[in-house]
Amino acid sequence: MAEKTLNDLFHDTLKDIYFAERQIVKTLPKMARAATAPELKAAFEKHLQQTEGHVERLQQVFEIIGKRAHGKTCEAIEGIIAEGEEIIEEFKGTPALDAGLISSAQAVEHYEITRYGTLKAWAAQLGYRDAVNLLDATLKEESDTDSALTTLAKSAVNTATQRKSASS
């Protein structure tokens, strides 16, 4: 068997995040429907549009490295998504649902941030300058989304959850 290279690892990880992003595109509408806070619904809808753009950028990265765009099952994202679906089921109709949705969304964001940070570094090392720019743009959007979710949680959702729980 031929020795695996950083280029092989880059391609393998690219397939992983491509699968993950496509799963996230399918999951965000469910999260938006489940959210009760209008600003949280809007945040999920906005991130859906961004995530569709992330998929397109990844397709461009595949082109840059001369490979066909296709995913590889990512058990990590499947697990994170499954946890989010459990929260929707278990906390439906409760004041804590939106806080749980934000927690789930941030788990997804943190996974994506680690993947894009790694891919960006490897792309730079491998000399894929155009890929670095594409991956960096997505990394910034993922970080911004994470920050926006934190702000939303602190400013609206968590305090509303606390008020609703106290009045119950």
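From a predicted model like this one, the values you see are computed outputs, not experimental measurements. Along each chain, numbering runs from 1 in the same order as the chain's sequence is written. Whole-chain, interface and lining totals are the exception, using all residues; otherwise, since this is a predicted model, local features are given only for residues with pLDDT of at least 70 and side-chain atom pairs are given and counted only at 80 or more. To get the side-chain values, all heavy atoms of the structure are used, and hydrogens and water are removed first.

(A) Main features of the overall build of the protein chain. In this description a helix means any DSSP run of H or I spanning at least four residues, a strand means any run of E spanning at least two, and both kinds are numbered starting from the N terminus. Within the protein chain, the secondary structure is distributed over 5 helices and 0 strands. For the protein chain, the sequential pattern of α-helices and β-strands runs α-α-α-α-α. Each principal axis of the C-alpha distribution contributes one length, and for the protein chain these read about 65 × 30 × 20 Å. Put simply, of all contacts in the protein chain between residues at least 6 apart along the chain, 80% involve residues at least 24 apart. Surface summary for the protein chain: the accessible area is close to 9,100 Å², and the carbon and sulfur share equals 50%. Computed over 20 positive and 26 negative side-chain charges, the separation of the two mean positions in the protein chain equals 2 Å. Between two residues, a contact is recorded if the distance between any of their heavy atoms is within 4.5 Å. To be clear on the numbers: accessible area is Shrake-Rupley with a 1.4 Å probe, and residue cover counts the displayed protein chains and nothing else. Only four residue types enter the tally: Lys and Arg on the positive side, Asp and Glu on the negative side, with His and both chain ends excluded. Each charge is placed at NZ for Lys, CZ for Arg, CG for Asp and CD for Glu.

(B) Expanded view of the packing of helix α1 (residues 6–34) against helix α2 (residues 38–64). Here an axis means a line fitted to C-alpha atoms, over the contact stretch when the element is a helix, while the angle between two N-to-C directions is reported on a 0 to 180 degree scale. Two elements in contact, α1 and α2, have axes whose closest approach is 9 Å; the angle formed by their N-to-C orientations is 155°. It follows that α1 is roughly antiparallel to α2 by the angle criterion. The handedness of the crossing between α1 and α2 comes out as left-handed. Ten residues, namely Ala, Val, Leu, Ile, Met, Phe, Trp, Tyr, Cys and Pro, are considered nonpolar, four, namely Asp, Glu, Lys and Arg, are considered charged, and the remaining ones, Gly among them, are considered polar. For the contact of α1 with α2, the per-class residue count stands at 16 nonpolar, 5 polar and 7 charged. Orientation labels follow simple angle bins: below 35 degrees gives roughly parallel, above 145 gives roughly antiparallel, 65 to 115 gives roughly perpendicular, and whatever is left gives oblique. Left-handed describes a crossing whose near helix is turned anticlockwise from the far helix through less than a right angle; right-handed describes the clockwise counterpart.

(C) Layout of the environment of K30. Relative to the elements of secondary structure, K30 occurs in helix α1. Taking the C-alpha atoms as reference points, K30 and F44, separated by 14 residues in sequence, lie 9.3 Å from one another. If sequence neighbours within four positions are ignored, K30 has contacts with E85 and I88.

(D) Quick look at empty space enclosed by the protein. Buried and open spaces are told apart on a 1 Å grid over the protein atoms alone, a cavity being a set of points where a 1.4 Å probe fits but cannot get out and a pocket being an open set with protein on both sides within 12 Å along at least five of seven lines. Residues with an atom within 4 Å of a point are the lining residues. Grid points are joined across faces, edges and corners, and a volume is the space filled by probe spheres set on the points. A full pass over the atoms with the stated rule returns 1 cavity of 30 Å³ or more. By volume, the largest cavity is sized at about 60 Å³. As for the largest cavity, its lining consists of T27, K30, M31, I80, I81, G84, E85, I88, S104 and V108. Those elements that provide at least two residues to the lining of the largest cavity are α1, α3 (75–91) and α4 (97–126). Here the lining of the largest cavity is composed, by residue class, of 5 nonpolar, 3 polar and 2 charged.

(E) Highlighting the packing of α1 against α4. Taken N-terminus to C-terminus, the directions of α1 and α4 make an angle of 160°; their axes are 10 Å apart at the nearest point. Comparing the axis directions of α1 and α4 gives the class roughly antiparallel. Two packed elements cross with a definite hand, and for α1 against α4 that hand is left-handed. The residue inventory of the contact of α1 with α4, partitioned by class, reads 19 nonpolar, 4 polar and 5 charged.

(F) Molecular detail of the packing of aromatic side chains. Pairing of aromatic rings covers Phe, Tyr and Trp, the last counted by its six-membered ring, and requires centre-to-centre distances within 6.5 Å; plane angles under 30 degrees mean stacked, over 60 mean edge-to-face, and any other angle means tilted. Tallying each qualifying case throughout the model produces 2 aromatic pairs. Taking the centre distance of 5.6 Å and the plane angle of 35° together, the rings of F10 and Y128 count as tilted. Within this pair, whereas F10 is found in helix α1, its partner Y128 is found in the loop between α4 and α5 (129–167), the two being separated by 118 residues in sequence. Comparing F10 with Y128 shows no difference in burial state: the two are buried. Between Y18 and F62, the aromatic rings sit 5.4 Å apart at their centres with planes inclined by 80°, giving edge-to-face as the arrangement. On the criterion of sequence distance, the pair formed by Y18 in helix α1 and F62 in helix α2 is long-range, its members being 44 residues apart. When accessible area is computed with a 1.4 Å probe and restricted to protein chains, residues below 20% of their type maximum are described as buried, those above 50% as exposed, and intermediate ones as partly exposed.

By themselves, these observations are geometric and do not establish any function.
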